[in-house]
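The chain contents come next:
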Amino acid sequence: MRYDTIIIGGGMGGLVTGINLLRQGQKVAVISAGQSALHFNSGSFGLYGRHNGEDITDNPLDYIKGLPETHPYSKVGIDNILKYIPQVKPLFEEVGVTLHGDEKRNHYRLTPIGMLKPAWLSMEGYATADSPAPLSWGKALLVNIQGYLDFYPQFLSRGLEKAGLKVESRTFTLDSLQHLRKSATEMRATNIARVLDGNVLRDVARHINRFIDETDATTVIMPAVIGMFDESPIRLLQEQVKVPVRFISTIPMSVGGMRAQMKLRTWFHQHGGTYLLGDIVTRGTIDGGRVKEIYTANLADMPLAADNFVIASGSFLSHGLEANPDSVYEPIFGLDVVADPNRPQWCDPDLYKEQSFEHYGIATDSSLRVSHKGSTLDNLFAAGAVIGGCNALKEESGAGVTLMTAFKVADQILNSKKVTMFASD
């Protein structure tokens, strides 16, 4: 089983890399263990939202230009970032995900606990604002489903009132949701989203419109439990309700994030990509400064070979990085990791301070090639959160780093292919 490129990791970074390679005629395989970070997505993507603890509104690219050379953005290069950014929204639109936003100015997204955080791009229907306060939404009506526990109207009310809004709350239920109430574990966003579709949404709209008449609300805010498979249910509800409807992300799983994951994966598969779901890479063969082949749990002793490989396996959350009492390590190849060897330095006792381990990741050069035992591997590249050198949580930069490094890696692979073809000619 041989490919032009094999990608380890089936989340946004791996799939965007794979899609860009497929567009240029490559034979690509993606190996995915299962859920990716998109399953926990807030409905928004950050490019660079905070610097030294302060929100960034205007010109986030100006801050990116001044980042240290160890930061992934610096390795991608500002000229490349300016080239890749205009490609992001069209790529997602092609797969079926509508994104709104501008790299020249961050907007603000409303979090599940009523905070407003800077964001670069947001999905269709999610609650966003140009500035954190005062909000110009008039009177807000928080609408929840009776018995749904992954949405927090009290926190949201407090946050919205601080932002200058008057807020009222209402709940509703439908007969079509009763079967989910047999178990508390069934009242989850993704299960509800499978029910709230078609004619059922018209019943939802009738309840909401009745609440609007009772409260004189000018904005409706409700949990993002609509649009599991595409965006049409979101638009249908917005058409049926008298005032604007804005959605708030919920406790995972994320309906918007899962929709984006499925859309990316479907496009990749339909255009000839091989997606090996539910498999993990157990080891790889390195010889002469190159990865020759890899082995997976499901394929056992059957190797997968390629001209190039990409590791987009994520950070600690998805086991792209792991730690024992003595060290931080990359579990597949044993790649070099940028991490403090002194265990007490990994974290600060103050939970709210910046933690050193959040910067850890595998070592890469300026081309995003990885390092193994002090030597750069010619054909193994890294994309996304597995790369060290930034704190995506504190910077609000996680999605941006993933996307920009994914585009850069695809370019590097395609350019190296052109060089090889030119040399052979």
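A short tour of the structure in this document, coming up. (Residues numbered from 1 in each chain as written. Predicted model: local features only at pLDDT ≥ 70, side-chain atom pairs only at ≥ 80, totals over all residues. Heavy atoms only, no water.)

## Observations regarding the packing of helix α7 (residues 199-215) against helix α8 (residues 232-240)
Filter applied, for reference: Convention adopted: a line fitted to C-alpha atoms gives each axis, helices being fitted over their contacting stretch, and angles between N-to-C directions are expressed from 0 to 180 degrees. Think of it this way: any DSSP run of H or I at least four residues long counts as a helix, any run of E at least two long counts as a strand, and we number them from the N terminus. Left-handed describes a crossing whose near helix is turned anticlockwise from the far helix through less than a right angle; right-handed describes the clockwise counterpart. In this analysis, two residues are considered to be in contact whenever any of their non-hydrogen atoms come within 4.5 Å of each other. Charged means Asp, Glu, Lys or Arg here, nonpolar means Ala, Val, Leu, Ile, Met, Phe, Trp, Tyr, Cys or Pro, and polar covers whatever is left, Gly included.
The interhelical angle for the contact between α7 and α8, taken along N-to-C directions, is 40°, at an axis separation of 9 Å. Note that α7 runs across α8; the crossing there is right-handed. Residue-level contacts link L201, R202, V204, A205, I208 and N209 of α7 to P233, L236, L237 and Q240 of α8. For the contact of α7 with α8, a count of residues per class yields seven nonpolar, two polar and one charged.

## What to know about the packing of helix α1 (residues 12-23) against helix α4 (residues 78-95)
As a reminder, the rule being used: Working rule for angles: under 35 degrees goes down as roughly parallel, over 145 as roughly antiparallel, 65 to 115 as roughly perpendicular, anything else as oblique.
Where α1 meets α4, the axes come as close as 12 Å, and the angle between the chain directions of the two elements is 85°. If you check the angle between α1 and α4, you find them roughly perpendicular. Contacts between α1 and α4 involve M12, V16, I19, N20 and R23 from the first element and L91, F92, E94 and V95 from the second. Counted by class, the contact of α1 with α4 contains six nonpolar, one polar and two charged residues.

## Examining unusual backbone geometry
We apply this condition: Buried residues are those whose accessible area, probed at 1.4 Å on protein chains only, stays under 20% of the maximum for their type, while exposed residues exceed 50% and partly exposed ones sit between those limits.
Between A133 and the following residue, P134, the backbone shows a cis peptide bond with an omega angle of -10°. Here P134 is to be found in the loop between β10 (128-129) and β11 (139-145). Cis rather than trans, the peptide bond between P252 and M253 has omega equal to 15°. Residue placement: M253 occurs in the loop between β14 (245-248) and α9 (255-270). A positive phi angle, close to 60°, is found at D216, a residue other than glycine. Residue classification places D216 among the exposed positions, given a relative accessible area of 59%. Here K373, not a glycine, exhibits a phi torsion of approximately 55°, which is positive.

## Some points on empty space enclosed by the protein
What counts is decided by this rule: Cavities and pockets are defined on a 1 Å grid built over the protein atoms alone: a cavity is a set of grid points where a 1.4 Å probe fits but cannot escape, while a pocket is an open set with protein on both sides within 12 Å along at least five of seven lines, and lining residues are those with an atom within 4 Å of any such point. Grid points are joined across faces, edges and corners, and a volume is the space filled by probe spheres set on the points.
The full count for this structure, using the stated rule, is two cavities of 30 Å³ or more. Roughly 50 Å³ of volume is contained in the largest cavity. Along its surface, the largest cavity is lined by S42, S44, R109, L110, Y126, A127, F247, I248 and S249. Only β7 (107-110) and β14 provide two or more residues apiece to the lining of the largest cavity. Of the residues that constitute the lining of the largest cavity, the class distribution is five nonpolar, three polar and one charged. Within this model, the second largest cavity holds a volume of roughly 40 Å³. Lining the second largest cavity we find E124, Y126, A224, I226, I234, F247, V255, G256 and R259. For the lining of the second largest cavity, a count of residues per class yields six nonpolar, one polar and two charged.

## Let's talk about the sheet that holds strand β6 (residues 99-101)
What counts is decided by this rule: Between any two strands, at least two bridges found by DSSP are needed for them to pair.
Read from one edge to the other, the open sheet built from three strands follows the order β3-β9-β6, with strand pairing classed as antiparallel. Edge positions in the sheet fall to β3 (44-45) and β6, since each of these pairs with one other strand and no more. Summarising the sheet, β3 and strand β9 (residues 121-123) pair through two bridges and their orientation is antiparallel. Looking at β9, one finds that F45 is bridged to L121.

## Quick notes on the sheet that holds β14
Strand order in the open sheet formed by four strands is β12-β11-β13-β14, and the pairing between neighbours is parallel. The open sheet has two edge strands with one neighbour each: β12 (166-172) and β14. Averaged over neighbouring strand pairs, the angle between their axes works out to 25° when direction is ignored. As defined by bridge partners, β11 adjoins strand β13 (residues 219-223) across three bridges and the pair is classed as parallel. Within β13, the residue paired with L141 across the bridge is V220. Strands in contact with α7 are β11, β12 and β13; relative to β12, the strand with the most contacts, it is inclined by about 145°.

Function cannot be inferred from these measures alone, as they are strictly geometric.
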